[in-house]
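Read off the chains here:
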Amino acid sequence: MQATLNIENLSKSFDQGKVKALDGVSFYVNKGDICAVVGESGSGKTTLIRLIAGLEELDEGEIHIEDKLVASIKKNIAPEKRDVGMVFQEYALFPHLSVLENVTYGIKKSKSKKEVALATLNLVGLEGYEKRYPHELSGGQQQRVALARALAPNPSVLILDEPFSNLDAMMRHKLRNDVFNIIKKTGVTAIFVTHDTQDALAVADEILILQNGRLVQKDEASALYKKPQSIYVASLFGNTIQLNKGLQTAFKCPLKEDCCHAIRNENITVNEDCDYVSEAEVLKRTFLGTHSQLLLKLDNGEHITVVTNEPVLGNTLKIGFNSKDVLAFEE
Ligand code: ADP
Ligand code: MG
């Protein structure tokens with residue numbers, strides 16, 4: 001399969017080189033795939049997609065979209081000529097334009113502008129809304145309009161930067177699933193930034209992890225979850241407990257010296273038989289609805305915080321984990 005988006009050795013600094021926002025990033029996204037970009041705040045996610053969109057100039061590297069060089073040290077094609085559509089966190093609709101006018105805006109001159117816009121509104125489930133203005137719509141509807149506006153010109157690459165972070169939890173999941181079903185239906189190649197790793201696991205074909213401007217891992221969602229290459233990657237996908245010497249002693253699980261080991265919170269068992277166990281005293285419990293967070297003191301005095309949905313009665317319990325769930329990273 002041919003890659004629609006090709007990024008080679010991309011670097012970008014700010015403040016006269018003092019801040020290296022991106023450092024030699026290379027990857028590609030195949031046609032029709034959805035690629036999620038994940039990383040802690042400041043890791044370079046927004047810089048990466050602003051460079052792809054043409055909103056920022058690169059220092060080094062090349063960007064190809066559909067085999068066309070759109071950015072290099074010598075070349076910088078304007079955003080509107082790159083064949084990309086964009087959806088931002090804050091919708092960025094034109095407040096004084098109707099829904100239809102917002103969606104028509106980016107379509108190149110053609111006789112069928114209105115038909116294309118109406119068909120795209122239909123696709124995002126907003127038929128009948130074309131005469132409304134942005135302030136007459138809910139946040140979720142505004143985000144659908146933003147999606148329709150980005151898709152209407154039929155771009156090669158759709159770019160989304162934290163598209164759901166302005167929405168409440170109830171709406172997020174429904175809109176997320178709707179939006180990515182629509183994206184899959186259109187077959188457009190998409191790259192989207194999210195700090196919500198559940199979003200990434202749920203909808204992305206591939207996930208790309210940034211750390212300090214460097215690409216540290218790119219894999220299919222399940223592969224990445226099962227085999228994170230570092231504790232940084234593991235920690236992005238949920239509470240991960242590093243098994244330091246003290247914890248290894250508490251759980252009686254001597255591990256190899258030259259590796260860093262960790263266990264995911266969800267692999268910690270309560271009052272179950274498993275490979276490594278420790279008695280624990282509950283020092284504090286915090287009620288979190290379906291779960292509770294427990295601060296525990298282990299056999300040897302080590303402290304550990306775990307989240308569990310097991311009912312925990314009394315002040316002592318047995319916690320543990322199995323050796324197959326231990327993650328190991330080369331130091
Ligand atoms: P993310 O989206 O992952 O939070 P960004 O790409 O926004 O990260 O930022 C990466 C790094 O580059 C950060 O250290 C940030 O402060 C810096 N940065 C981003 N944009 C600018 C800018 N216009 N001027 C100066 N520094 C910037
Ligand atoms: Mg950002």
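Everything here concerns the structure above.
Residues numbered from 1 in each chain as written. Chains lettered and ligands numbered in written order. Predicted model: local features only at pLDDT ≥ 70, side-chain atom pairs only at ≥ 80, totals over all residues. Heavy atoms only, no water.

Asker: How should the pattern of salt bridges be read in this particular structure?
Answerer: When charged atoms on two side chains of opposite charge get close, those side chains can pair. Going through the model one piece at a time under the given rule, you end up with 15 salt bridges. Across the pair Lys245 and Glu257 runs a salt bridge whose closest N-O atoms are separated by 3.9 Å. Taken together, the residues span a long stretch of sequence, with Lys245 in helix H9 (residues 245-250) and Glu257 in the loop between H9 and strand E12 (259-264) at a distance of 12 residues. Classification of Glu257 as exposed rests on a relative accessible area of 67%. Two residues, Lys324 and Asp325, come together in a salt bridge whose shortest N-O distance is 3.1 Å. A residue is classified by how much of its surface remains accessible, and Asp325, at 17% relative accessible area, is buried. Here the salt bridges do not stand alone but share partners, grouping Arg172, Arg176, Asp196 and Asp199 into one network. (Salt bridge = Lys/Arg side-chain N within 4 Å of Asp/Glu carboxyl O. Helix = DSSP H or I, 4+ residues; strand = E, 2+ residues; numbered from the N terminus. Buried < 20%, exposed > 50% of the residue type's maximum accessible area, 1.4 Å probe, protein only.)

Asker: Just checking my understanding: could you explain the nonpolar core for this structure?
Answerer: One recurring pattern in soluble globular proteins: nonpolar side chains tend to sit buried together. Judged by nonpolar contacts, the single largest core of 44 residues is most densely connected at Leu147, Leu158, Ile183, Ile207 and Ile209. Tallying contributions element by element places helix H4 (residues 139-151) first for this core, with six residues. Setting aside anything within four residues of it in sequence, one finds Leu147 in contact with Val87, Val124, Leu158, Val179, Ile182 and Ile183. Among the nonpolar cores identified, the runner-up in size contains 27 residues, and Leu22, Val29, Leu58 and Val193 belong to it. (Core = buried A, V, L, I, M, F, W, Y, C linked by side-chain atoms within 4.5 Å. Contact = heavy atoms within 4.5 Å.)

Asker: What exactly am I supposed to notice about the site of ligand 1 here?
Answerer: Close to ligand 1 lie Phe14, Val19, Ala21, Glu40, Ser41, Gly42, Ser43, Gly44, Lys45, Thr46 and Thr47. In this structure, Gly44 approaches ligand 1 through a main-chain N or O atom, which is 3.1 Å from an oxygen atom. In this structure, an oxygen atom belonging to ligand 1 sits 2.5 Å away from a side-chain N or O atom of Thr47. Within the complex, 61% of the 560 Å² of free accessible area of ligand 1 lies under protein. Only strand E2 (19-30) and helix H1 (45-53) provide two or more residues apiece to the shell around ligand 1. By residue number, the principal contributor to the shell around ligand 1 is H1, which donates three residues. Its residues assigned to classes, the shell around ligand 1 shows three nonpolar, six polar and two charged. (Near = heavy atom within 4 Å. Polar contact = N/O pair within 3.5 Å; in protein donor to acceptor, adjacent residues only side chain to side chain. Areas by Shrake-Rupley, 256 points an atom, 1.4 Å probe, with all protein chains shown as cover. Nonpolar A, V, L, I, M, F, W, Y, C, P; charged D, E, K, R; others polar.)

Asker: What is the right way to look at empty space enclosed by the protein in this model?
Answerer: The probe, sized like a water molecule, is rolled over the atoms to show the empty space still left. Under the defined criterion, the tally for this structure stands at one cavity of 30 Å³ or more. Looking at the largest cavity, its volume works out to about 40 Å³. Forming the walls of the largest cavity are Glu162, Pro163, Phe164, Ser165, Arg172, Val193, Thr194, His195, Asp196 and Asp199. Here the lining of the largest cavity is composed, by residue class, of three nonpolar, three polar and four charged. (1 Å grid on protein atoms, 1.4 Å probe; cavity = no way out; pocket = protein on both sides within 12 Å on 5 of 7 lines; lining within 4 Å. Points joined across faces, edges and corners; volume = space filled by probe spheres on them.)

Asker: How should the packing of aromatic side chains be read in this particular structure?
Answerer: When we look at a pair of aromatic rings, we describe it by the centre distance and by the angle of the planes. Enumeration over the complete set of coordinates arrives at five aromatic pairs. Ring geometry for Phe164 against Phe180: centres 6.0 Å apart, planes inclined by 65°, an arrangement best described as edge-to-face. Within this pair, whereas Phe164 is found in the loop between strand E7 (157-161) and helix H5 (169-186), its partner Phe180 is found in helix H5, the two being separated by 16 residues in sequence. Both residues of the pair, Phe164 and Phe180, count as buried. (Phe/Tyr/Trp six-rings, centres within 6.5 Å; stacked < 30°, edge-to-face > 60°.)

Asker: Teacher, can you tell me more about the layout of surface pockets here?
Answerer: Here the largest pocket is characterised by a volume of approximately 550 Å³. Around the largest pocket sit 17 residues that line it, and Glu80, Val84, Met86, Gly106 and Pro153 are the ones nearest its centre. Broken down by secondary-structure element, the contributors of at least two residues to the lining of the largest pocket are strand E6 (84-87) and H4. The greatest single-element share of the lining of the largest pocket, amounting to three residues, is contributed by E6. Space inside the second largest pocket adds up to approximately 400 Å³. As for the second largest pocket, its lining consists of 17 residues, of which Asn265, His291, Val307, Thr308 and Asn309 are closest to the centre. Counting residues per element, the ones that place at least two in the lining of the second largest pocket are strand E13 (269-270) and strand E16 (303-308). Ranked by residue count, the leading element in the lining of the second largest pocket is E16, at three residues. A per-class count over the lining of the second largest pocket returns five nonpolar, nine polar and three charged.

Asker: How should I be thinking about the sheet that holds strand E11 (residues 240-242) in this particular structure?
Answerer: Backbone hydrogen bonds hold the strands of a sheet together, and the pairing may be parallel or antiparallel. Taking strand neighbours across the sheet as the criterion, the three strands line up as E11-E12-E18 in an open arrangement whose pairing is antiparallel. Both edges of this open sheet fall to E11 and strand E18 (327-330), since each of them pairs with a single strand only. On average, each strand axis in the sheet is tilted by 35° relative to the strand beside it, whichever way the strands run. As paired strands, E11 and E12 are joined by three bridges and run antiparallel to one another. Paired with Ile241 across the strands is Ile263, a residue of E12. (Pairing = 2+ DSSP bridges. Axes fitted to C-alpha atoms, helices over the stretch in contact; angles between N-to-C directions.)

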